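Structural overview
Letter by letter, the chains look like this.
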Amino acid sequence: MRVGVLTGTGTYAFPGGGDAHDETVGTGFGDVRLTRLEVSEVEVLHISRHEAGHRRLSNHVAHRANIAALMELEADAVVAVTVCGAVDPTVPLGSLIVFDDLHFLANRLSDGSLCTLYDRPGDRMRGHWIYESPFAEGLRAALLAACRSASVPARDGGCYGHVDGPRFNTRAEIRSLAAAGVTAVSQTAGPETVLAGEAELPYALLGYATDYANGIKEEATPVAELLRLIGASGEVFGAVLAEALPLVTEADLTPPGVIYRFE
């Protein structure tokens, strides 16, 4: 069993990981640095989106290369984590969300190009990804069970809102996202969700609320508190992933939806 794990701000090495081997994987979309290690008899392929020292801002993350690398290494599933800003005021800071819906209307990468692996006419794999939910239910169930085992509060379901960085959002922008039913936002997981879907890789996303988005509360979350919670997120993610990875080996790894292809 090989599981890709994508981590973001505040988690630059696999949390709690043991002996690890760093390698570079070449793809048609560029090279990817990743770490290979074993956790609970699961081979983990860990990619730090931003790399050590937060070398890459959200607009520098190589989403297509990251997913292509996991395809190249024949990952069976992908689990992703992200710190996020709560748009729903009932989400407690420091709690987790196992998302079940996506708001990513632009469907574009940071360079403005459409978010898709199918960038060449006539590509034999080209197709339309058709689904009810973009996240794999079997992986979601494993994450929820892992949160319970780790005694970490988690919300079952929520809409992840992808926003373009690296700036944060205005109050007006957050109001529009709240009206659309978005639960929490961050700047990286929208493209991952879409590309994993096209690659038929089961993908699930776990969010950790570090602040309330602009205008959600009368008083903004202090930057010091945001940074404190980002610092605390790695330990929480590590505890949940330690419980989740053994469960993934028994989970239903059916990819969400179908790819309608053209012969």
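Just so it is clear, the structure is predicted and the values come from calculations on it, not from any experiment.

1. Digging into a nonpolar patch on the surface
Taken together, the side chains of Ile 130, Val 258, Tyr 260 and Phe 262 define a hydrophobic patch exposed on the protein surface, amounting to about 400 Å² of accessible area. Positionally, Phe 262 belongs in the segment after strand S13 (258-261).

2. Brief notes about unusual backbone geometry
A cis amide bond links Gly 165 with the next residue in sequence, Pro 166, at an omega value of 5°. Its place among the elements puts Pro 166 in the loop between strand S10 (159-162) and helix H3 (171-179). Here the phi dihedral of His 54 falls at roughly 55°; this positive angle occurs in a residue that is not glycine. Relative accessible area serves as the criterion here: at 24%, His 54 is assigned to the partly exposed category. If you check the backbone angles, Asn 107 has positive phi at about 50° while not being a glycine.

3. Some remarks on the nonpolar core
Judged by nonpolar contacts, the single largest core of 49 residues is most densely connected at Phe 99, Leu 201, Tyr 203 and Leu 205. Setting aside chain neighbours within four positions, we find Phe 99 in contact with Cys 84, Phe 135, Arg 140, Gly 158, Cys 159, Tyr 160, Ala 184, Leu 205, Leu 206 and Gly 207.

4. Description of the packing of helix H2 (residues 137-149) against helix H5 (residues 223-248)
As a packed pair, H2 and H5 sit with axes 8 Å apart at the nearest point and diverge in direction by 135°. Taken together, the axes of H2 and H5 are oblique relative to one another. Once H2 is placed against H5, the crossing between them reads as right-handed. Side by side, H2 and H5 meet where Leu 139, Ala 142, Leu 143, Ala 145, Ala 146, Cys 147 and Ser 149 of the first sit next to Val 240, Glu 243, Ala 244, Leu 247 and Val 248 of the second. In terms of residue class, the contact of H2 with H5 is made up of 10 nonpolar, 1 polar and 1 charged.

5. Topic: the packing of helix H1 (residues 63-72) against helix H4 (residues 189-198)
Direction vectors running N to C along H1 and H4 enclose 40°, while the axes themselves pass 9 Å from each other. Here H1 lies oblique to H4, going by the angle between them. Once H1 is placed against H4, the crossing between them reads as right-handed. Of the residues in H4, those touching H1 at His 63, Arg 64 and Ile 67 are Pro 191, Glu 192, Leu 195 and Ala 196. Residues belonging to the contact of H1 with H4 are distributed by class as follows: 4 nonpolar, 1 polar and 2 charged.

6. Focus: the pattern of salt bridges
Between side chains of opposite charge, pairing is possible as soon as their charged atoms come close. Under the definition given, this model contains 17 salt bridges. For Arg 36, the salt bridge goes to Glu 23, with nearest N and O atoms at 2.8 Å. Of this pair, Arg 36 sits in strand S3 (residues 30-39) while Glu 23 sits in strand S2 (residues 20-27), and the two are 13 residues apart along the sequence. A salt bridge links Arg 140 to Asp 156; the nearest nitrogen and oxygen atoms lie 2.5 Å apart. With a gap of 16 residues between them, Arg 140 in helix H2 and Asp 156 in strand S9 (residues 154-156) connect regions that are remote in the sequence. With relative accessibility at 5%, the residue Arg 140 sits in the buried group. On the basis of relative accessibility, which here comes to 55%, the residue Asp 156 falls in the exposed class.

7. A short note on the packing of aromatic side chains
The full count for this structure, using the stated rule, is 5 aromatic pairs. Both rings, one in Trp 129 and one in Tyr 131, keep their centres 4.1 Å apart while their planes meet at 40°; by these two values the pair is tilted. Their ring planes at 80° and their centres at 5.2 Å tell us that Tyr 260 and Phe 262 sit as a pair that is edge-to-face. On the accessibility criterion, Tyr 260 (48% relative accessible area) is partly exposed. Residue Phe 262 is classed as partly exposed on the basis of its relative accessible area of 38%. A cation over an aromatic ring shows up here: Lys 217 above the ring of Tyr 212, its NZ or CZ 4.7 Å from the ring centre.

8. Remarks on H2
The α-helix advances 3.6 residues per turn, and as a result positions three or four apart in sequence lie on the same side. Between its terminal C-alpha atoms H2 stretches 18 Å, which fits the 18 Å expected from 13 residues at 1.5 Å a residue. The set of residues buried in H2 consists of Gly 138, Leu 139, Arg 140, Ala 142, Leu 143, Leu 144, Ala 146 and Cys 147.

Rules used throughout
- Residues numbered from 1 in each chain as written.
- Predicted model: local features only at pLDDT ≥ 70, side-chain atom pairs only at ≥ 80, totals over all residues.
- Heavy atoms only, no water.
- Patch = residues over 30% accessible without salt bridge, like charges linked within 9 Å, V, L, I, M, F, W, Y side chains within 5 Å.
- Areas by Shrake-Rupley, 256 points an atom, 1.4 Å probe, with all protein chains shown as cover.
- Salt bridge = Lys/Arg side-chain N within 4 Å of Asp/Glu carboxyl O.
- Helix = DSSP H or I, 4+ residues; strand = E, 2+ residues; numbered from the N terminus.
- Buried < 20%, exposed > 50% of the residue type's maximum accessible area, 1.4 Å probe, protein only.
- Core = buried A, V, L, I, M, F, W, Y, C linked by side-chain atoms within 4.5 Å.
- Contact = heavy atoms within 4.5 Å.
- Axes fitted to C-alpha atoms, helices over the stretch in contact; angles between N-to-C directions.
- Parallel < 35°, antiparallel > 145°, perpendicular 65-115°, else oblique.
- Left-handed = near helix turned anticlockwise from the far one by under 90°.
- Nonpolar A, V, L, I, M, F, W, Y, C, P; charged D, E, K, R; others polar.
- Phe/Tyr/Trp six-rings, centres within 6.5 Å; stacked < 30°, edge-to-face > 60°.
- Lys NZ or Arg CZ within 6 Å of the ring centre and 35° of its normal.
- Expected span 1.5 Å × (residues − 1).

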